[in-house]
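Structural features, examined
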Amino acid sequence: MIVDEASGKEDGSGEYGNCNGPLSPYVKLISSDGHEFIVKREHALMSGTIRAMLSGPGQFAENETNQIHFREIPSHVLLNVCKYFAYKAYYSNCANEIPEFSIKPQIALELLMAANFLDC
Amino acid sequence: MSLRPGAINFKEKWKCLEETVQSILSLDTIPRDVWHASFNHIYFLCGSFPEPYYEKLYKSTKLLLETHVSELLKFIQTEGTENLLQNYCTSWQKYSKAIKVLNNLYKHLNKIIYLQYEKMLESVEVSDEPNMMMVGELSLNLWNKIIITPLINSMSKLLLDEFDKPRYNLPITTPLDTIAVILKSFVEIMENNETNPLKIYHCHFEQLFLMQSGEYFELESTKLSKELTVSEYMAKVLVIMKEEEIRAKKYLHESTYNKLQSTFLKKVVVDHLNFLHGESEAMIREERHKDLHNNYLLLCGVKDGLVLLGKFFRELIKQNGIKVLESFKKNQIYEHFFEDILKLHTKYKSIVTEVFNNDYHFSEILDTEFKIIVNYKFEENQPSKAPEYLSKYCDKLLKKSYKGLSETEIEHKLLQSITIFKYINDKDIFQNIFQAHLAKRLILQQSQSIVIEEGMIKNLKQSCGYEYTNKLHCMFTDIRVSEELNTQFQKEFLKATKDKSNLSFSVNILQTGAWPLTLPTKSFFVPEQLLTCSKNFEVFYKEKFVGRKLTWLHHQSQGELKLNYLPKMYIVTLQMFQMSILLLFEKCDTLKYSEINEILQLSDGHFQKQINSLIDCKLLSLDGDNVKLNMDFSNKRTKLCITSAVLRDIPQEIKQSINSVEINREAYLQATIIRIMKMRKTLVHSKLMVEIISQTKSFLPSKGFINTSIKILIDKGYLELTSNLPVEYSYIA
């Protein structure tokens, strides 16, 4: 369900793009415990580190999946990171009052370190 | 693994990282995992605990880069000077791509370095160590220090030589694209340097290049100016200019082209200015347009280069204009006057567009000179005759009697006359006279085609604005409406009354304000045959438009009479008064002069004119006091028109219109002044003048005229003089 929130629908046609190739609309972020998060490319590019990682030497081949394996970020942290991407994208151009992004205090420290690493 | 900062073995991490960096620098492909892992390495190294290794990381990276670049230097220098440039180019291209990737990878380190830098800016103490730069900047810096600095002199010499070769038609050893890349590298190296990003490029290449080019231009131009004539010189020089331009724009940095252009112009044009100007006058006189064009192209880049050309051009127009004016003084045929001026104008306009590239300077000269020519006053103290002649010319074109030209040709001629119209100063005089002519044409149905007329008015509207042609439009609408009214009247009334009058009757209803016609002062005795019809029409009109007053303009009306009392039947077109005189003879053949006068109730002079016209054409004969119908009247033609004798009073009309224009102008000027002052409240005299002249478009008020108007307004109490100097006025509300 959370993956759906983060990725959203494309064109309302019921078909989703995939993660393959250099122009794919989605990218895959894999946490340390193997949970795969598929998010929109433009959301993920909000992180400077992810942006640098994805623009590495050479292009991704057409059938190569754009994925990044974060061996140090657990899934409960990466989940909140993805939520944050969606939150920021949604409220970036909004003139209305922006609600607070709630963070559970238990994961706050780990989320802080992840944010530092990901530069977002 | 977690993101917590922890103890890290530097050597281990660095070994892995080193490999990655090396493969980046040699542009090898790196597997995804390795690429992502290196990000982690850098992060951990920077955030390691207890001792952060970022300084060590920085130093090691720097060392790595230094060794790499020094190797590159050796490589570049290996094969001697011939391949120096080529090797440099290839190495640079590889290197610049690599450091971009490297910069991305070291993002985290860069962030830390940047924070350090900001801290340093805030703190007061000076540190001994050189500042850490971000990795991208660092790499460029190293390249600059290690490779460019030792090689720069030899490279710049080679570059300059290469660039010079095409000028002497020598084959170039290094393709110019390579050179372009090298020059670009000089610029890109310094891109982080905010103070002077083009330093290397400037000092080591551009200055020398400009000097070298200057020498080349000087040599070439002196050589060519001695060997060739002016026209050949100009052509050849322009070719060279074009070549240099293409080369400079393609291969050099964008800022260089302007400097090159100015050097070129200085050496080639300014130093040889006399040479170039020597033939300018001859070129203009003999109309050597190609040479003139080249001359213009060369001189337009030089400051004040075109002044002399402009002077000659002005002289030429003036002389030819005077020729036209002289011929007109002799002939006094105004059509030729206009056609000649038009020809002159089209000729010079085409010269300005083609030869002078529509340069503002020259079109201004054209306009000012033509204004003088067109508004030339043939007699002192009288307004120029141009508006009068122009409207007469247009009148002739628009009348039915103008044969020999197709409709499109007439339209074309009228369009051309608008170009001359724009130069006329007294546009309102033209408006009045044109309106008078138009009224006559419309009433007497003399215009050739309504379409052409409306086209002409549209052209006038485009050049002068809506107010100018407002009345003219009204006149057209009146005629159109009258036609409709006439058909209605014919249908309704004549059917209804079953009036077997053998008359056909049509009326034109004209609005009082729009037509330049005067209302009659005296009432006139309408002949009985026409009385019923006119009364019927009045009733018809009053039903249609309640509350409007109709006044008959008999002095403008005309009619056709069929003369049945003579052996041959004649149809005569007559003015109203003449017709009424003749109609009196329907019942009898002879009448007394005084009787006719009494019945008609016309003024004496008027009556005499009308009767005399009839007597002159032998329809009536005067015998003492008796006026007799001439039964022996004969004429070759059956259809006659006798109106012309009475209608030839145009010069008075024109004088009248000029006077009324003067009065209008005064009122208009005063209104304008008040309007300006109301807006501005207070205004200096000179500024007021400027405003007034810009707002009066239909005529050019003289300074004296404006001054008198201002005085009148002060007297009337609308303005007052303030005590400030220079002379200032203020508006009294």
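Scroll up a little and you will see the structure.
For the structure given in this document, a descriptive report is provided here.

Cut-offs applied
- Going along each chain's sequence as written, the residues are numbered from 1 onward.
- Following the order in which they are written, the chains are lettered starting with A and the ligands numbered starting with 1.
- Reporting in this predicted model follows two pLDDT cut-offs: at least 70 for local features of residues, and 80 or more for side-chain atom pairs to be given and counted; totals over whole chains, interfaces and linings ignore these cut-offs and use all residues.
- Just so you know, side-chain values use all the structure's heavy atoms and leave hydrogens and water out.
- Helix numbers and strand numbers start at the N terminus; a helix is a DSSP run of H or I with at least 4 residues, a strand a run of E with at least 2.
- When a residue's accessible area, from a 1.4 Å probe over protein chains only, is under 20% of the maximum for its type it is buried; when over 50% it is exposed; and in between it is partly exposed.
- The criterion used for residue contact is that any of the two residues' heavy atoms lie within 4.5 Å.
- Only the protein chains shown count as cover for residues, with accessible areas throughout obtained via the Shrake-Rupley method and a probe of 1.4 Å.
- Note on pairing: two strands pair once DSSP finds at least 2 bridges between them.
- The axes used here are C-alpha line fits, helices contributing only the stretch in contact, and every angle between their N-to-C directions lies in the interval 0 to 180 degrees.
- Think of it as the arc spanned by the lines of direction from the helix axis to the C-beta atoms.
- Every angle not falling under 35 degrees, over 145, or within 65 to 115 is termed oblique; those three ranges are roughly parallel, roughly antiparallel and roughly perpendicular.
- In the scheme used here, Gly and all other residues not listed as nonpolar or charged are polar, with Ala, Val, Leu, Ile, Met, Phe, Trp, Tyr, Cys and Pro taken as nonpolar and Asp, Glu, Lys and Arg as charged.
- For a helix, the expected span equals 1.5 Å multiplied by the residue count minus one.
- Take the buried Ala, Val, Leu, Ile, Met, Phe, Trp, Tyr and Cys residues and link them wherever side-chain atoms come within 4.5 Å; each set so joined is a nonpolar core.
- Ring pairs shown here join Phe, Tyr and Trp side chains whose ring centres sit within 6.5 Å, with only the six-membered ring taken for Trp; geometry is labelled stacked below 30 degrees between planes, edge-to-face above 60, and tilted in between.
- By definition here, charges over rings are those cases where NZ of Lys or CZ of Arg is within 6 Å of the ring centre and within 35 degrees of the ring normal.

Observations regarding the overall build of chain A
Assigned secondary structure in chain A consists of 5 helices and 3 strands. Burial statistics for chain A: of 120 residues in total, 39% are counted as buried. Restricting to contacts in chain A with at least 6 residues of sequence separation, those with at least 24 account for 61%. By element, 50% of the accessible surface of chain A is carried by carbon and sulfur atoms, the whole surface being about 6,700 Å².

Remarks on the sheet that holds strand 8 (residues 719-721) of chain B
All names here are of chain B. Read across the sheet, 3 strands follow the order 7-9-8 without closing on themselves; strand pairing throughout is antiparallel. Looking at strand neighbours, the two that pair on one side only are strand 7 (682-684) and strand 8, the edges of this open sheet. Each strand axis lies, on average, 25° off the axis of its neighbour in the sheet, ignoring direction. With 3 bridges joining them, strand 8 and strand 9 (residues 728-731) adopt antiparallel strand pairing.

Quick look at the sheet that holds strand 4 (residues 620-623) of chain B
The strands that make up a sheet are held in pairs by hydrogen bonds between backbone atoms, and each pair lies either parallel or antiparallel. Residues and elements named next belong to chain B. Read across the open sheet, the 3 strands follow the order 3-5-4; overall the sheet is antiparallel. Both outer strands of the open sheet, strand 3 (590-592) and strand 4, are each paired with one neighbouring strand and no more. Shown here is a sheet whose adjacent strand axes are inclined to one another by a mean of 25°, direction ignored. With 3 bridges connecting them, strand 3 and strand 5 (residues 626-629) associate as antiparallel partners. Residue pairing for strand 5: Leu591 is matched across the bridge by Val627.

Quick word on helix 24 (residues 593-600) of chain B
Residues and elements named next belong to chain B. Taken together, the buried positions of helix 24 are occupied by Ile596, Asn597 and Leu600. Down the axis of helix 24, the buried set is contained in an arc of 100°. They therefore lie on one face. On its buried face, helix 24 sits against helix 23 (576-583), strand 3, helix 25 (604-616) and strand 5. Looking at the residues trailing helix 24, positive phi occurs at Gln601, about 60°.

Observations regarding the environment of Trp515 of chain B
If you trace the backbone, Trp515 of chain B turns up in the loop between helix 21 (466-497) and helix 22 (528-544). Through-space distance from the C-alpha of Trp515 of chain B to that of Cys474 of chain B is 8.4 Å; in sequence the pair is 41 residues apart.

Considerations on the packing of helix 15 (residues 334-354) of chain B against helix 16 (residues 360-374) of chain B
Residue and element names in this part refer to chain B. Contact geometry of helix 15 with helix 16 gives a least axis separation of 10 Å together with a crossing angle of 170°. Considering their axes alone, helix 15 and helix 16 lie roughly antiparallel with respect to each other. Contacts from Ile341, Leu344, His345, Tyr348, Lys349 and Val352 in helix 15 reach Phe362, Ser363, Leu366, Phe370, Ile373 and Val374 in helix 16. Looking at the contact of helix 15 with helix 16 residue by residue, the class counts come to 9 nonpolar, 2 polar and 1 charged.

Structural notes on the pairing of strand 1 (residues 558-563) of chain B
Of the two faces of strand 1 of chain B, the one lined by Gly559, Leu561 and Leu563 of chain B is fully buried and the one lined by Gln558, Glu560 and Lys562 of chain B carries no buried residue. Between the end of strand 1 of chain B and the start of strand 2 (residues 570-575) of chain B, which pair antiparallel, lie 6 residues.

Description of helix 19 (residues 427-443) of chain B
All names here are of chain B. With 17 residues, helix 19 ought to run about 24 Å at 1.5 Å a step, and its terminal C-alpha atoms sit 24 Å apart, in line with that. Among the 17 residues that make up helix 19, 15 are buried, leaving the element largely enclosed by the rest of the structure. Two residues or fewer past helix 19, Gln445 is found with a positive phi of approximately 55°.

Things to note about the nonpolar core
Residue and element names in this part refer to chain B. With 176 residues, the main nonpolar core has Tyr106 and Phe186 as its most contacted residues. Considering every element that reaches this core, the biggest residue donor is helix 6 (residues 135-164), with 14 residues. If near-sequence neighbours (up to four positions away) are discounted, Phe186 is found in contact with Tyr88, Ile148, Ile152, Met155, Leu159, Ile200 and Tyr201. Ranked by size, the runner-up nonpolar core spans 30 residues in total, among them Val572, Met576, Leu602 and Phe633.

Description of the packing of aromatic side chains
Under the definition given, this model contains 19 aromatic pairs over all chains. Between Tyr90 of chain A and Tyr91 of chain A, the ring centres sit 4.7 Å apart and the planes meet at 90°, which makes this aromatic pair edge-to-face. Each ring, one from Phe370 of chain B and one from Tyr423 of chain B, has its centre 5.8 Å from the other, and the planes form 20°; the classification is stacked. Placement of the pair is Phe370 of chain B in helix 16 and Tyr423 of chain B in the loop between helix 18 (407-421) and helix 19, with a sequence separation of 53 residues. Accessibility expressed as a relative area gives 9% for Tyr423 of chain B, which makes it buried. Taken together through their ring pairs, the aromatic side chains of Tyr84, Tyr87, Tyr90, Tyr91 and Phe101 of chain A make up a single cluster. Above the ring of Tyr257 of chain B, the side-chain terminus of Lys249 of chain B is found at 4.4 Å from the ring centroid.

Remarks on the side chain of Ser730 of chain B
Assignment of secondary structure puts Ser730 of chain B in strand 9. Residues contacting Ser730 of chain B, with those up to four places away along its chain left out, are Met677, Lys681, Thr682, Tyr718, Leu719, Glu720 and Thr722 of chain B.

Some words on the pairing of strand 4 of chain B
Residue and element names in this part refer to chain B. When strand 4 meets strand 5, the two strands line up antiparallel, connected through 4 bridges. Note on strand 5: the bridge partner recorded for Leu620 is Leu629. Once strand 4 ends, the chain turns through 2 residues before running back antiparallel as strand 5, passing Gly624 with a positive phi of about 75°.

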